[in-house]
Structure formats: C-alpha cells, structure tokens
There are 2 protein chains.
Amino acid sequence: MQSFEIDKNDLLRIKDALEADDAALQELLSEFHASEIAIILEGLPQESRDRIINILPAEIASDVISEMDAESHPEKILENLDPEKRSEIVEELDYDDATDIISQLPEEQQNEILEDLDEEDASNIRTLLTYDEDTAGGLMNTQVIKVNLNASKKEALDTVIKLSEEMEEFYSIYVVDDLNKLLGTVSLKSIIKSKNSIKVADLIQTDYEYVTADTDQEEVARLISQYNLTSIPVVDEGMHLLGHITFDDVIDVLEEENTEDILKISGVSEDEELSGNWREAVKSRLPWLILNLMTAFLAASVIRYFGGTIAKLSIIAGYMTMIAGMGGNAATQSLAVTVRRISLNDLTDNQAYRTVLKEFTVGLINGAVTGLIVLAVAIFYDQNPMLGLVIFLAMTGNLIIAGIAGSAIPLFLKRVGIDPAVASSIIITTFTDVFGFLLLLGMASYFLL
Amino acid sequence: MQSFEIDKNDLLRIKDALEADDAALQELLSEFHASEIAIILEGLPQESRDRIINILPAEIASDVISEMDAESHPEKILENLDPEKRSEIVEELDYDDATDIISQLPEEQQNEILEDLDEEDASNIRTLLTYDEDTAGGLMNTQVIKVNLNASKKEALDTVIKLSEEMEEFYSIYVVDDLNKLLGTVSLKSIIKSKNSIKVADLIQTDYEYVTADTDQEEVARLISQYNLTSIPVVDEGMHLLGHITFDDVIDVLEEENTEDILKISGVSEDEELSGNWREAVKSRLPWLILNLMTAFLAASVIRYFGGTIAKLSIIAGYMTMIAGMGGNAATQSLAVTVRRISLNDLTDNQAYRTVLKEFTVGLINGAVTGLIVLAVAIFYDQNPMLGLVIFLAMTGNLIIAGIAGSAIPLFLKRVGIDPAVASSIIITTFTDVFGFLLLLGMASYFLL
C-alpha cells in the first residue's frame, strides 16, 4: 500500500528533526501527506506544533490545521502565529473549516483574525459563525459551483472551470436563477456531451435533495447516507442557495454521533472529549456515578429490609451478587442491541412491540439456562436443593426483567422524543438490581426460613 | 425539506394498495424514491416484497434491492422471482451489489442465476464472488472510468463519456497503460481545460492512494475517511486495476464497525444481527452470560470466604452491592472512552501511558467523592463511623481499580493484536467485583470484628 501509516519510527524521526534546523525539518515533513502531519502534530506539545506550522508552506499548513481533530485544539496554533502568516493560512482554508476553528477562540481574537483577512473572506466567515455548529449551516461550505439557468453550454463550461479553479475537487453543479434561487442540478458529463446550442435549462435535473441551514447535522448525515449523495445543497427559507455540505463532513458527523452513543450508553456524558484531561472526565462522569449511587441506595435498602434473612442464611450473600450481576449484564446486552437498532433507524412501531417480545423470550431462555447451572451448584456443592430452586427462579425472573427493561425503556424514550441512549446501563441496572434482590431475598425468606 | 420520510401514513396507504390491483399499487409506488421503497419493503412480509419488486420496472427494482439492508435478506426476493425478470434486475445491479446479494444464496441457486446472465456480467460477478466480503475485493465495484496514458484529449473525453453512460455518477478517472497497470488519476476538469494537443500523460496526477483486493474493509474506510476521498482504486499485486471502492460503501462499513464496537463492549457477539430472531440472540449472548457467571462464582467465593463476617455484620451486605455496582459502572465508563479512542485511531504509545494515568486520577477523585457520600450515610444513619471509613476506602480503591482495568486492559489487547472491544464490560467488571469484595470484606473483618 502506498499510504504510509504513521509509525513509531516516523515519530522518532520527527522528534529528532525538531532538534535540528528548519531546513532538515522541512525536508522530512515533505515526505508526509497533510493529514499525516495532522496526526503527528496531535502527539506533539504546543510549541512543536507552532514551529512545524510556521515552517510549512501556507497551503499545506492550512490542510494540516483543517485535518486536525477539534479535540486537539488547532485554534491554539492560530493564536500563536504571527498575524501575516496566520492570514495566509486562514485564507487558504475552506470557509467552513476556517469557521469551525475560529469559532473556538474568544470573540476578541476572532475579530483580530477576521480584520486581517480580505473583505470577502471575512464576511463569508462572519456569516458562517452565526450558525449553530451542529446544524447544516454550521457544516456547510459556501464555496459552490453554480451556473445560471439561462447560460449556454459555453458559458456554463467557462463558469464551472473558473469557479472550480480554487477547489481541489468538486462534486455537484447547482443551477440557480438570477436571484440565486436553487432550481436543480446539472452534471458536468451532460454539459460536455451536449451540443453547442444547448442551454443549461435543457439539461437541468430537478429531482434533488436539499436541507435548510437549521437542519440538524444528524438529519443531514442520514440524507447523505441514505441517498448516497456526494453533496447536498443548503438553502434559506426562500430557496436561495447558501452553500453545500459534502460527504466527507458527514463521515465526521457519523463518527461523532457514534461516539456519543457509545459514551451515553456507558454512562459517560456525551460531551466528554475522548482526549480530554482528568478534570473534564470527572466532570462528565461523576454526576452519573452519583446517580448510580442513589439507585444503589435503593437496591441496598431492599437488602437491608431482608437483613434478618441474610443473617440467618449468610450463604445467600454470594448468590445475591450473582443474580444482580447477571441481570445487569443481560440488561446491557438488550440495551445495546435496541439502542443501536434505533440509531440506525431500523424499527417501525410494530417491530418495537416484537422487539420487546423477543427480549422477553431471550431473557427467559438465558435466565433458565444460567439458572440451571447455579441450581446444580447449589445442589451438589451446597447440598441445598430448595435454595437452588429459589436461585433458579430469581435468575430466570431477573433476566426476563433485564430483557424487557433493556428494550422497552429506550423504545419508550424514543417515542416521547428523548434520546434513547441516555437510558444508559446505569438506569437500566437499577431495575435488575432492585428486582433481582426482591425476587431472591423475598423467595428465600418465604421458602427457606 | 423535499425528502419525504416514510411515516405511518405512507405505510398504511401501501398496505391498502397491496389489497388493490397492480395498477393502483404501481401508481402509489411511483411517489417514492427507491431507497424509500427499500425501507418500506423491510417492514412487509415476504410475499408483499415479492409482489412489489415484480411490478416495479427492472431499473427501479434493482435500486430497491441494492438499498435493502442485508439483514432483511433481499436475496430471498431473487429466489422467488421468475428467471426472466430476475435476470433483468440482476443485470441492472452494480456488480458489487449483485455479488453481495447473490453470495447469500446457496451455491446451486447462485449458478442458476449466473447462467441466465450475459457472459460478461456473469464472469464479472463470478470473479467478485471469490473475494472475502470484509475485504476491499468484496467491497469494490469493477465498473470504473479509465483512460489510456497515451490517449489524446479528444480520445480521453470520448472514453469518459462512453464509459460513464451506464453509471449514474462517477468520481474518479483512472489512468492505465496498455496492460491495465494503474499509473495515476486525471480530473475531468483538467481534461476539459486543456488544449486539444494535450495528452493524458501531460495531465496525470501520480500522487494517489490505493489498496489491494485483500485489504481489510476497516483499513479502506480509514483511508477514505482520512484522505477525504470519493473513491479509492483496488489493484492486484502487479498493480493492475481491478476496480474501485466509493465513499458510500465506506459509510456503510463505518456503521457496521460501530455497531460491532457497541455490541462487543456490551457483551454481545459482534455477528448478532440487530433484527435477528430470539434464537440468534440467545446464541450470541448466552456464551457471554455463562462467562459472566463463571466470573461471578469467583466473586461469590470471595463473599463466601468472608461468610462469618457477613453473618456477624449483616448490615454490610447492602454496602457490598454498592461497592461492586459503582466499580462496575466506573469501569464501563473508562472502558467506553478508551475503546472509542482506540477505534478512532486516536492514541500513540506515549498517550496510552498517560491515558491509564488519567483514569487512575479520575478513579481516585470519583471514588473519594462518592465514598464520602456513603461515609456520611454510615455515620448519620448507621451511627457507625468506623464502618463508614472502611466503605470509603473500599469505594476509593475499587474505583481506582475500575479506572485502571477499564483503560489498561483494552490498551494491552490492542498492543498484542486482539480487538480491544472484546474487553467487554463483562470481563472488566470481574476485576471490580472481586477486588471490591476483597477490599470491603477484608477491611471489615480486620477493623470491625
């Protein structure tokens, strides 16, 4: 494969070169693609990042900065650059990338950077800064290829070539009227193939998807992924073309949303930055742990209520943790499958009902099988068949509750408009802890004492 | 937004139309995009699916079938179609989609379908069927736009227009020599802009990424996402161009890989189909639950060892579940963040060390804070400060273990080449259960009896 992964060796070579002079460093860096340099920078301290960006040509430096993960704070590099180099780099950035990075800086510094830019760039970025970053407006690029409905073949081709001059790649050609209203799209292929007398109006395709600037980024990702689009236009309420969003932005959105899902389901706040420091991690996770503690008090109060039973039958304490642990894990399994199905938009109402029914069945079977194993241990090791029977019933009952809670709760949350992934394992395991102890200790008190 | 989501109403109308004659059904279906019909079909029984595909024109039917989720088994529709209609539909499919679907059928039926196709289609699909479906070969499409290095501007344009005739969209133009060896790419824009005397050799870009047919699909997804590619060429060992993979295939791969991550981390086998029946779910989850049961016996044996302590101090039973539950949840948090970072390729070795250190700190703080809450309860509610102190220490200790186990174990697995997501919460919570009980009951026996 031609693509070279960054390996330890590369990192060591770059660290060595950081000790050497600019020329040597420059030469080494020229071996790497911008997105590879971005990964390297993410592993280096701030001063090395600043130095490397400083010696790279502006057009490569801008690619590197735009490829850096937002979590490694590329905006800090802009802060530290001298104004002239900074303007050069920002002007090389696509407007949407420039906006994403600048938006992370305090307002005063935003203005400082924007004042140094040429007027058109500054005004474009200022407009983009007004959109929420999780919406189509926040994702879109305002540089698009557009041709007028009444353009001739030659005019259209000239426009496309001229407008695409500044772009590395382009995907869609939008057709607009004199007032910049979006009317459709036209493919470059169809323009080339057409006779010279043809106008854009004869080639226009009017069957296209679009979004407005306030459309949520998840919806944008869904459309691009469902309809296999390379790009989707963004319009205002009057159908005026504002910009477009390309598939590569959507791949990033999907990764982000998937990270949120996996974090939320595990009881981590969705905005914990993966590479954040321990302060951020404590802030994001402690509230969930305290919530878990509150629910644990609930479970503990069930145990306390049966304190007499435990004192007389201390052998049951070991089985308690087994019933609760198995219930928690079975609930997490059911939850993960259900949340993922909801995320992938994979459920109709009728299927929701069948999903819960399926999880009931799975809980019944898995509970009975694992319950039988524990029953056997109680008979042969503890010589207490009645205890074994109680544990068998508690295990089966708790795994049924696990299956139902793990599927019904996220489905219910989805129905009432709450993100189902917040039904994290922490919430779900409350059910299995409380019911598990109630079942086991209740039956033990009744049958065994 | 122009795109119409499928709502309940649409489904009801289609169910009504299924009672009516073909003409009415046909008219209703014409309102929908192929990918929308695909979603509708996924919610209908097999006979309705067969009927709808039967009355759709072949070119739309093929789009619908290729858009259907593999889990809803579009190949079953092919099984039931009459051979002539089936051939029409399969010939409209892209080779990669046709291969994916046909590969799900028994070999006998595969041959039956392939024999009815024209020779070129059949031989292309036969070749694709030889690749593993999780590799670049299994993902790639063999229909590409390629031009010869020595073609003139006019020849190149003619070739591109002719080859793109059968494709809805195309992204890259590959440059090959007379032996079909890949030499580079050329953009349509540059061909159009060039003078008539120019040859492809003058315009070729030789800086491009590529993969071989056996490259893992995750690696393909990583390259396309890292370098923002619309497509990537697939070559054999001799650099001969076999086909290419487009960004939309990669979006599907990413969703698939993310589903696998979230399932594995929750102790569900990665190949459980989300929409599978209860038999598949039991098969996928029961082994993990039995594994969990084995580890629970380990934790229970710790409790059993301290049976005397519990009999004398039955109040401790409620706190046991608290310590174990909190440890399990903290470990799951640490695990989710770490596995996700590894998935996003977001960690160098040095950062791995720092990650474990960070999780240690987070465990220390979260353990101390929640431990203090429980200490307060023990003092004011149970009037037992010494018990409170033991619980405080056990909670802090267990959450430190949780942080370290949740981060170090997946990082270690990654290092030795095992998928870190198999360090599911089931494995990790064994540590927190066993150590939590050891800490709490050990200290309780020593200090409180």
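Conventions used here
- Residues numbered from 1 in each chain as written.
- Chains lettered and ligands numbered in written order.
- Predicted model: local features only at pLDDT ≥ 70, side-chain atom pairs only at ≥ 80, totals over all residues.
- Helix = DSSP H or I, 4+ residues; strand = E, 2+ residues; numbered from the N terminus.
- Rg over C-alpha atoms; globule rule 2.2 N^0.38 Å.
- Buried ≥ 20, exposed ≤ 12 C-beta atoms within 10 Å, placed from the backbone.
- Contact = placed C-beta atoms within 7 Å.
- Domains from an automatic or database assignment.
- Core = buried A, V, L, I, M, F, W, Y, C linked by C-beta atoms within 7 Å.
- Nonpolar A, V, L, I, M, F, W, Y, C, P; charged D, E, K, R; others polar.
- Pairing = 2+ DSSP bridges.
- Axes fitted to C-alpha atoms, helices over the stretch in contact; angles between N-to-C directions.
- Least-squares fit on C-alpha atoms with pLDDT ≥ 70 in both.
- Arc of directions from axis to C-beta.
- Parallel < 35°, antiparallel > 145°, perpendicular 65-115°, else oblique.
- Left-handed = near helix turned anticlockwise from the far one by under 90°.
- pLDDT = per-residue confidence, 0-100.

Re the overall build of chain A
Phase 1: Counting secondary structure elements, chain A contains 22 helices and six strands.
Phase 2: For 449 residues, the compact-globule estimate of 2.2 N^0.38 gives 22 Å, and chain A exceeds it by more than 25% at 30 Å.
Phase 3: Each principal axis of the C-alpha distribution contributes one length, and for chain A these read about 95 × 60 × 45 Å.
Phase 4: Among the 449 residues that make up chain A, the fraction classed as buried is 47%.
Phase 5: Taking the intrachain contacts of chain A between residues at least 6 apart in sequence as the baseline, contacts between residues at least 24 apart amount to 70%.

Regarding the domain arrangement of chain A
Phase 1: Here the domain parsing of chain A yields domain 1 (8–130), domain 2 (145–246) and domain 3 (278–448).
Phase 2: Between domain 1 of chain A and domain 3 of chain A, the C-alpha centre-to-centre distance is 50 Å.

Let's talk about the nonpolar core
Phase 1: Membership of the largest hydrophobic core comes to 123 residues, with the highest contact counts inside it found for Val64, Val220 and Val250 of chain A together with Val64, Val220 and Val250 of chain B.
Phase 2: In contact with valine 250 of chain B, not counting residues within four places along its chain, are Val220, Ala221, Ile224, Ser225 and Ile245 of chain B.

A short note on the environment of alanine 281 of chain A
Phase 1: Examined against the element boundaries, alanine 281 of chain A turns out to sit in helix H17 (residues 278–305).
Phase 2: For alanine 281 of chain A, a count of 26 C-beta atoms within 10 Å puts it in the buried group.
Phase 3: Separated by 223 residues in sequence, alanine 281 of chain A and alanine 58 of chain A place their C-alpha atoms 35 Å apart.
Phase 4: Look past the residues within four positions of alanine 281 of chain A in its chain and what remains in contact with it is Glu272 and Gly276 of chain A together with Lys358 and Val362 of chain B.

A look at the interface of chain A and chain B
Phase 1: Between chain A and chain B, the residue contacts involve 92 residues of the former and 93 residues of the latter.
Phase 2: With 18 residues, helix H19 (residues 316–343) of chain A is the largest single contributor of residues to the side of chain A that touches chain B.
Phase 3: Of the residues that constitute the side of chain A that touches chain B, the class distribution is 47 nonpolar, 30 polar and 15 charged.

So, the sheet that holds strand E2 (residues 173–176) of chain A
Residue and element names in this part refer to chain A.
Phase 1: Pairing is mixed in the open sheet, where three strands are placed in the order E1-E2-E3. Of all strands in the sheet, those with a lone pairing partner are strand E1 (145–148) and strand E3 (182–186), marking the two edges. Between one strand axis and the next, the sheet turns through 35° on average, direction left out of account.
Phase 2: Pairing between E2 and E3: four bridges, direction antiparallel. For tyrosine 174, the partnering residue across the bridge sits in E3 and is threonine 185.

A word on the environment of methionine 395 of chain B
Residues and elements named next belong to chain B.
Phase 1: With respect to the helices and strands, the residue methionine 395 is situated in helix H21 (residues 385–415).
Phase 2: With 360 residues separating them along the chain, methionine 395 and serine 35 place their C-alpha atoms 52 Å apart.
Phase 3: Beyond its immediate sequence surroundings of up to four residues, methionine 395 is in contact with Ile323, Met326, Gly367, Thr370, Gly371 and Val374.

Section: the relation of the copies chain A and chain B
Phase 1: Of the transformation superimposing chain A on chain B, the axial component is 0.0 Å and the angular component is 180°, with the fit at an RMSD of 0.2 Å. Classification of the inter-copy transformation places it as that of a two-fold axis. Within chain A, the C-alpha atom positioned nearest to the axis of rotation is that of alanine 311 of chain A, 2.4 Å from it.
Phase 2: An overlap of 98% is found between the interface residues of chain A and their copies at the interface of chain B, pointing to a shared contact surface.

Describing helix H4 (residues 46–55) of chain A
Residue and element names in this part refer to chain A.
Phase 1: Taken together, the buried positions of H4 are occupied by Arg49, Ile52 and Ile53. Relative to the axis of H4, the buried residues are bounded by an arc of 95° and lie together on one face.
Phase 2: The elements touched by buried residues of H4 are helix H2 (22–29), helix H3 (34–42), helix H5 (58–67) and helix H6 (75–80).

Examining the packing of H19 of chain A against helix H17 (residues 278–305) of chain B
Packed helices, taken two at a time, are described by the angle between their axes plus the distance between the axes.
Phase 1: Running from amino to carboxyl end, H19 of chain A crosses H17 of chain B at an angle of 155°, the nearest separation of the two axes being 9 Å. In terms of orientation, H19 of chain A lies roughly antiparallel with respect to H17 of chain B. Considering how the two elements wind past one another, H19 of chain A and H17 of chain B form a crossing that is right-handed. Seen from H19 of chain A, the contacting residues are Ala317, Gly318, Tyr319, Thr321, Met322, Gly325, Met326, Asn329, Ala330 and Gln333 of chain A; seen from H17 of chain B, they are Arg285, Leu289, Asn292, Leu293, Ala296, Ala299, Ala300, Ile303 and Arg304 of chain B.
Phase 2: Residues that form the contact of H19 of chain A with H17 of chain B fall into these classes: 11 nonpolar, six polar and two charged.

Looking at unusual backbone geometry
A negative phi angle characterises most non-glycine residues, just as the trans form characterises most peptide bonds.
Phase 1: With a phi close to 70°, asparagine 180 of chain A is a non-glycine residue in the positive phi region.
Phase 2: Within the secondary structure layout, asparagine 180 of chain A lies in the loop between E2 and E3.
Phase 3: With a phi angle near 50°, asparagine 228 of chain B is a residue other than glycine that sits in the positive phi range.
Phase 4: Its location among the elements puts asparagine 228 of chain B in the loop between helix H15 (217–226) and strand E5 (231–235).
Phase 5: With 18 C-beta atoms counted inside 10 Å, the residue asparagine 228 of chain B sits in the partly exposed group.

Topic: the sheet that holds strand E1 (residues 145–148) of chain B
In sheet architecture, strand pairing relies on hydrogen bonds along the backbone and comes in two forms, parallel and antiparallel.
Residues and elements named next belong to chain B.
Phase 1: Taking strand neighbours across the sheet as the criterion, the three strands line up as E1-E2-E3 in an open arrangement whose pairing is mixed. Each having just a single partner strand, E1 and strand E3 (182–186) make up the two edges of the open sheet. Taken pair by pair, the neighbouring strands of this sheet meet at an average axis angle of 35°, ignoring direction.

Things to note about the pairing of strand E6 (residues 241–246) of chain B
Residue and element names in this part refer to chain B.
Phase 1: Among the six residues in E6, six count as buried, and that is most of the element.
Phase 2: Relative to E6, E5 is paired through five bridges, and the arrangement is antiparallel. When the sheet's bridge partners are listed, serine 231 is paired in E6 with threonine 246.
Phase 3: The antiparallel pairing of E5 with E6 creates a hairpin that spans five residues between the two strands, and methionine 239 there sits at a positive phi of about 65°.

Quick notes on the packing of H17 of chain B against helix H22 (residues 425–448) of chain B
Residues and elements named next belong to chain B.
Phase 1: Where H17 contacts H22, the axes come no closer than 9 Å and their chain directions differ by 10°. Between H17 and H22, the angle falls in the class roughly parallel. For the pair H17 and H22, contact is made by Trp288, Leu291, Asn292, Thr295, Leu298, Ala299, Val302 and Ile303 and by Ile426, Thr430, Asp433, Val434, Phe437, Leu438 and Leu441, respectively.

Remarks on the environment of glycine 243 of chain B
Residues and elements named next belong to chain B.
Phase 1: Topologically, glycine 243 is positioned in strand E6.
Phase 2: Classification of glycine 243 by C-beta neighbours within 10 Å gives buried; the count is 23.
Phase 3: Sequence separation between glycine 243 and asparagine 150 is 93 residues, and the spatial gap between their C-alpha atoms is 21 Å.
Phase 4: Discounting chain neighbours no more than four positions away, the residues touching glycine 243 are Met140, Asn141, Thr142, Val144 and Val234.

Some thoughts on the confidence of the model for chain A
Phase 1: Across chain A, the average pLDDT comes to 88, with 96% of residues at or above 70.
Phase 2: When mean pLDDT is taken per element in chain A, strand E4 (residues 211–212) of chain A scores highest with 95 and helix H1 (residues 8–19) of chain A scores lowest with 81.

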